[in-house]
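# Structural description and commentary
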Amino acid sequence: MGLFILYLIESAGCLALFYLLYKGWLARETFFRLNRVALLGCWALAFLLPAVHLAGMGAEGDFSSSLARVGAPVAAGIATGAPTPIPTDHGAYICVLALSYLYLAGLLVVLAKEVCAWARLYGLLRGGRRVTLATGTRALVVKAAVAPFCWMRTIVLSEEDYRQAPREVIAHESAHARQLHSLDLLLIDLALLLQWFNPAAWALKRETRAVHEYEADQMALDSGVDTRSYQLSLIKRAVGPVRYAMANSFNHSSLKNRIVMMSKKKSSPWAYMKYAGILPLAIVASAALAHPEVSQVAREFAGAKVSVFPVMTENVLEKTAVTDPEFPGGQKEFHIFLAKSLRYAVDAQKKGVQGRVVCAFTVGTDGSVKGVRVVNSVDPALDNEVVRTLQGMPKWTPAQRDGQAVEAEMTYGVVFKFEGDPNAPKGEEGDIVVVGFRQ
């Protein structure tokens, strides 16, 4: 879940970046079709770039597997006689858990709103009668007093609008139908279910709807509709309700902006060069996501995996508590056991061998000791003595995580040295010391 939350955050950042670029660079251009493509491209890139960046992080960002790899020896100095710490990372867990609950709550609210809107639209369309207009466009005539709007290839008109059949309205909605603007909004609504928390995502939807209206207005005027008559019709219908957020309505967009765009001088062909700037920006965004510092933070955040949420009334810290394995009777009894069992190998004493042997072993879920191995070797005779002793240990109390027994790895050091030797090796805190005599 941590990896998914991180993906949402990175895609939200990309959307915000692309929105700022569009608003400051392309929104004033009159290349409406290109603006539509650019806006849809912003969505595609914002979802694609973080996915590419995080594609190789899934295997690394597994919190539960990290807990299973407890205390792998990375240096000789970790063999201090104390259990290797288990990385619980409560902060990351709590952060991801809180964000997950908040995200899911918002998602359910937005989804419920969308379902209600779909239900209203379905109820309206189901009660209408299908007709074919003089222009050949399919239309659905409904009894409700609704402003004209388009859904996919069909124009929806009230009985009054159908009787009057105003040319400018039909031309405008026919443009929406031919360009399949409703399909854009459908895809964006699906994307908004993932990005409901992102103001830039909602702003991009508003910009897309505005471009739809600009494009439909331009196509209506190009069909021969009088500009003044068309603008007056817009003003007359501007007060009508907008009830269906996923459809394109004749009076939906900002009236002032639409009239300004109709009267605006066409953009210079040189303005086409601006659209080429989106691709370099995508490259820069991709490079920023892959920057070492960003990647490191991403890995740490993605490592907190929340696959099954604990009950809300439980204490999260208690839920994630981890206890170390324990020798029967505790650490003191463990040291007594080693002191009684370890012997300085005669062959090593004869050869004058001294040193610090570091061994690792795994305490299983049943407390059994397994996988004893030498991490830092001194001499085969001394290595075998430590391995023999550790393999003869009784069962431990296994480590616990979330109230369940888990495997844990332990490392210990044993120092073999001669009595009174000024060059004898020095051990680490917690090491067992075995004293021998030169022969």
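Scroll up to find the structure.
Before going into details, it helps to say that this report is about the structure given with it. Because the structure is a prediction, the values reported are computed rather than measured.

Across its full length, the protein holds 17 helices and twelve strands. Burial statistics for the protein: of 439 residues in total, 47% are counted as buried. Within the protein, contacts between residues at least 6 apart in sequence are counted, and of these 75% link residues at least 24 apart. Total accessible area on the protein stands at roughly 21900 Å², and carbon and sulfur atoms take up 61% of it.

Moving on, we come to the environment of Leu 234. As for its position among the elements, Leu 234 is in helix α9 (residues 227-237). When its relative accessible area of 3% is taken as the criterion, Leu 234 is described as buried. When the C-alpha positions of Leu 234 and Glu 168 are compared, they lie 9.2 Å apart, and in sequence the two are 66 residues distant.

Now for the sheet that holds strand β8 (residues 369-376). The mixed open sheet is built from four strands, whose spatial order is β8-β7-β11-β12. Looking at which strands have only one partner, the edges of the open sheet turn out to be β8 and β12 (432-436). Averaged over all pairs of adjacent strands, the angle between strand axes in this sheet comes to 25°, irrespective of strand direction. Across five bridges, strand β7 (residues 355-363) lies against β8 in antiparallel orientation. Within β8, the residue paired with Cys 359 across the bridge is Val 374.

Buried residues dominate strand β2 (residues 138-142), accounting for four of its five residues. Where strand β1 (residues 129-132) and β2 come together, four bridges link them in antiparallel fashion. Bridge pairing links Thr 132 to Arg 138 in β2. Here β1 folds back onto β2 in antiparallel fashion, the turn holding five residues, of which Gly 136 has a positive phi close to 90°.

Our focus in this paragraph is the packing of aromatic side chains. Going through the model one piece at a time under the given rule, you end up with 16 aromatic pairs. Between Trp 118 and Trp 151 the ring centres are 5.3 Å apart and the planes differ by 80°, which places this aromatic pair in the edge-to-face class. Of this pair, Trp 118 sits in helix α4 (residues 90-126) while Trp 151 sits in strand β3 (residues 149-151), and the two are 33 residues apart along the sequence. Its relative accessible area of 32% is what places Trp 118 among the partly exposed residues. Feature note: the residues Phe 327, Phe 334, Phe 337, Phe 361, Trp 396 and Tyr 412 constitute an aromatic cluster, connected by ring pairs.

Right, let's get into unusual backbone geometry. Here Met 152, not a glycine, exhibits a phi torsion of approximately 55°, which is positive. Considering the arrangement of structural elements, one finds Met 152 in the loop between β3 and β4 (154-158). Of note in the backbone geometry, Leu 180 takes a positive phi value of approximately 55° without being a glycine. In this fold, Leu 180 is placed in the loop between α6 (167-179) and α7 (181-194).

Let us now look at the side chain of Glu 114. Within the fold, Glu 114 resides in helix α4. Comment: no salt bridge for buried Glu 114; closest opposite-charge side chain is Lys 205, at 4.9 Å. Aside from chain neighbours lying at most four places away, what touches Glu 114 is Asp 189 and Leu 193.

What follows concerns helix α8 (residues 199-222). For α8, spanning 24 residues, the distance from its first C-alpha to its last is 35 Å, which sits close to the expected 34 Å at 1.5 Å a residue. In terms of residue burial, α8 counts as a mostly covered element, since 20 of its 24 residues are buried. For α8, the side-chain oxygen to backbone nitrogen distance between the N-cap and Ala 200 is 3.1 Å, and the N-cap itself is Asn 198. One or two steps after α8, the chain reaches Gly 224, where phi turns positive at roughly 115°.

As summarised here, the arrangement of the three strands in space is β6-β9-β10, forming an open sheet in which the pairing is antiparallel. If you trace the sheet from one side to the other, it starts and ends with β6 (322-323) and β10 (404-406), each paired once. In this structure, strand β9 (residues 399-401) lies alongside β10, joined through three bridges in antiparallel fashion. Bridged to Gln 400 within β10 is Ala 405.

Examined against the element boundaries, Pro 328 turns out to sit in the loop between β6 and α15 (331-341). With relative accessibility at 35%, the residue Pro 328 sits in the partly exposed group. Along the backbone, Pro 328 and Lys 395 are 67 residues apart, and their C-alpha atoms lie at a distance of 7.5 Å. If near-sequence neighbours (up to four positions away) are discounted, Pro 328 is found in contact with Glu 333, Pro 394, Lys 395 and Trp 396.

Between α15 and helix α17 (residues 380-391), the least distance of the axes is 10 Å, while the angle of their chain directions is 130°. When the interaxial angle is binned, α15 and α17 end up oblique. Regarding α15 and α17, the two cross each other, and that crossing is right-handed. Together, Phe 337, Leu 338 and Ser 341 of α15 and Glu 385, Arg 388, Thr 389 and Leu 390 of α17 make up the contact between the two elements.

Here the focus is the side chain of Asp 383. Along the chain, the position of Asp 383 falls in helix α17. The buried charged residue Asp 383 lacks any salt bridge, with Lys 351 as its nearest oppositely charged partner at 10.0 Å. Within polar-contact distance, the side chain of Asp 383 engages the side chain of Ser 377 at 2.4 Å. Other than its neighbours up to four places away in sequence, Asp 383 contacts Val 357, Val 374, Asn 376, Ser 377 and Val 378.

Cut-offs and rules
- Residues numbered from 1 in each chain as written.
- Predicted model: local features only at pLDDT ≥ 70, side-chain atom pairs only at ≥ 80, totals over all residues.
- Heavy atoms only, no water.
- Helix = DSSP H or I, 4+ residues; strand = E, 2+ residues; numbered from the N terminus.
- Buried < 20%, exposed > 50% of the residue type's maximum accessible area, 1.4 Å probe, protein only.
- Contact = heavy atoms within 4.5 Å.
- Areas by Shrake-Rupley, 256 points an atom, 1.4 Å probe, with all protein chains shown as cover.
- Pairing = 2+ DSSP bridges.
- Axes fitted to C-alpha atoms, helices over the stretch in contact; angles between N-to-C directions.
- Phe/Tyr/Trp six-rings, centres within 6.5 Å; stacked < 30°, edge-to-face > 60°.
- Lys, Arg positive; Asp, Glu negative; His and termini not counted.
- Salt bridge = Lys/Arg side-chain N within 4 Å of Asp/Glu carboxyl O.
- Expected span 1.5 Å × (residues − 1).
- Polar contact = N/O pair within 3.5 Å; in protein donor to acceptor, adjacent residues only side chain to side chain.
- Parallel < 35°, antiparallel > 145°, perpendicular 65-115°, else oblique.
- Left-handed = near helix turned anticlockwise from the far one by under 90°.

From the geometry alone we can't say anything about function, so treat these as descriptive.
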